[in-house]
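# A closer look at the structure
Residues per chain, in single letters:
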Amino acid sequence: MAKILVLESSAHLEKSFSRKLVAEFVELLKAQNRGHEFVFRDLAHDPIPVVDSTIVDIIRTPPDKLTDEQRQKTALSEQLIAELKDADYVVIGAGMYNRNVPAALKAWIDQVVRIGMTFTVGENGLEGLLKGKPVLAVLSRGGDYSERESIDWQKPYLEHILGLIGLDVRFAVMEGALMPEEKRDANLARAREAIREAAAKLA
Ligand SMILES: Cc1cc2nc3c(=O)[nH]c(=O)nc-3n(C[C@H](O)[C@H](O)[C@H](O)COP(=O)(O)O)c2cc1C
């Protein structure tokens, strides 16, 4: 049995490839009948507020240096971090928006990447506190970036920033979601294979 946190961030609810693939992954896990528990959070449908002037300094301060009043202002951030810490496995669905992740997902990242809570500064620099927690990032992009990595800031960004807090990120990538049907279907088959492999590892 594993606790699985599922985060969605595509603004398309019906025709999203990342949502379709994440849903297939969840179905594969349910079919394993291992009693996995799922927590779903839809960052596009139910957005996380961006870090604004009321919390910007608080959220960058180690929690043990905050007053009770300041901590109340970051209650949402603490809830999101608790959800993340509680999960044994995290699934993140994301389309590519302007070469990067959707702002809905970035807003979540800004709330969970926190000094003293998910990373610390040690002798060797930044150190992640969620060491080794597995993440499957299910990505979809309109074009094919497999040979255009230098303009892909979606996949490397997620690998870097989630790695910074210690998460162990694997990917299932749907390239060319907006390409002609034949190419798109071959890409979808490849992404499905990655989903199946990831699910099999949890069996
Ligand atoms: C606001 C916006 C920006 C986008 N920017 C890019 C982009 O920079 N490169 C790209 O290949 N596709 C881009 N697309 C297309 C999406 O990446 C593609 O439709 C993808 O499948 C979206 O994920 P989804 O199917 O899970 O919704 C963009 C789509 C939107 C809505």
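Here the structure is a predicted model, which is why all the values come from computation and not from measurement.

The next subject is the overall build of the protein. Regarding its fold elements, the protein presents six helices and seven strands. When its helices and strands are written in sequence order, the protein yields β-α-β-α-α-β-α-β-β-β-α-β-α. Relative to a compact globule of 203 residues, whose C-alpha radius of gyration would be 17 Å, the protein shows 17 Å and is just as compact. Taking the principal axes of its C-alpha atoms as reference, the protein extends roughly 55 × 40 × 35 Å. Taken across its 203 residues, the protein has 34% of its residues classed as buried. Summarising the internal contacts of the protein: among those between residues at least 6 apart in sequence, 78% fall at separations of at least 24.

Of the residues making up helix 5 (residues 155–164), those classed as buried are Lys-155, Leu-158 and Leu-162. With its buried residues spanning 65 degrees around the axis, helix 5 presents them on a single face. Looking at helix 5, the residues exposed on the side facing more than 90 degrees away from the buried face are Pro-156 and His-160. Contacts made by the buried residues of helix 5 are with strand 6 (134–140) and strand 7 (168–174). One or two steps after helix 5, the chain reaches Gly-166, where phi turns positive at roughly 100 degrees.

Within helix 4 (residues 103–112), the full set of buried residues consists of Ala-104, Leu-105, Trp-108, Gln-111 and Val-112. Projection of helix 4 onto a plane perpendicular to its axis shows the buried side chains occupying an angular sector of 120 degrees, all on one side. Turning to helix 4, the residues buried within the fold contact strand 1 (3–8), helix 3 (75–86) and strand 3 (89–95).

This paragraph deals with the site of the ligand. The ligand sits among 17 residues. The nearest are Ser-16, Ser-18, Gly-95, Gly-142 and Ala-177. Looking at the shell around the ligand, the element that brings in the most residues is helix 1 (residues 17–31), giving three residues. Per-class residue counts for the shell around the ligand are five nonpolar, nine polar and three charged.

Turning our eyes to something else, we now look at the environment of Asp-86. With respect to the helices and strands, the residue Asp-86 is situated in helix 3. Of the residues examined, Asp-86 has 11 C-beta atoms within 10 Å and is grouped as exposed. Once the C-alpha coordinates of Asp-86 and Pro-47 are considered, the two residues, 39 residues apart in sequence, prove to be 21 Å apart.

With their axes 10 Å apart at the nearest point, helix 1 and helix 6 (residues 181–201) run at an angle of 30 degrees to one another. Here helix 1 and helix 6 pass one another in a crossing that is right-handed. Contacts between helix 1 and helix 6 involve Leu-21, Glu-24, Phe-25, Leu-28 and Leu-29 from the former and Ala-191, Arg-192, Ile-195, Arg-196, Ala-198 and Ala-199 from the latter. The class makeup of the residues in the contact of helix 1 with helix 6 is eight nonpolar, no polar and three charged.

What follows covers the pairing of strand 2 (residues 37–42). Across six bridges, strand 1 lies against strand 2 in parallel orientation. Across the sheet, Leu-7 pairs through a bridge with Arg-41, a residue of strand 2. This β-α-β element, strand 1 to helix 1 to strand 2, shows right-handed connectivity.

This paragraph deals with the packing of helix 3 against helix 4. Taken N-terminus to C-terminus, the directions of helix 3 and helix 4 make an angle of 90 degrees; their axes are 8 Å apart at the nearest point. The angle between the axes of helix 3 and helix 4 places the two elements in the roughly perpendicular class. Residues Leu-76, Ser-77, Leu-80, Ile-81 and Leu-84 of helix 3 touch helix 4, and the partners they reach there are Trp-108, Gln-111 and Val-112.

Counting 45 residues, the largest nonpolar core has Leu-21, Phe-25, Val-91 and Val-138 as the members making the most contacts within it. The residues contacting Leu-21, other than those within four sequence positions of it, are Val-138, Ala-172, Met-174, Ala-191 and Ile-195.

Calculation notes
Residues numbered from 1 in each chain as written. Predicted model: local features only at pLDDT ≥ 70, side-chain atom pairs only at ≥ 80, totals over all residues. Helix = DSSP H or I, 4+ residues; strand = E, 2+ residues; numbered from the N terminus. Rg over C-alpha atoms; globule rule 2.2 N^0.38 Å. Buried ≥ 20, exposed ≤ 12 C-beta atoms within 10 Å, placed from the backbone. Contact = placed C-beta atoms within 7 Å. Arc of directions from axis to C-beta. Near = placed C-beta within 6 Å. Nonpolar A, V, L, I, M, F, W, Y, C, P; charged D, E, K, R; others polar. Axes fitted to C-alpha atoms, helices over the stretch in contact; angles between N-to-C directions. Left-handed = near helix turned anticlockwise from the far one by under 90°. Pairing = 2+ DSSP bridges. Right-handed = clockwise from strand over helix to strand, strands pointing away. Parallel < 35°, antiparallel > 145°, perpendicular 65-115°, else oblique. Core = buried A, V, L, I, M, F, W, Y, C linked by C-beta atoms within 7 Å.

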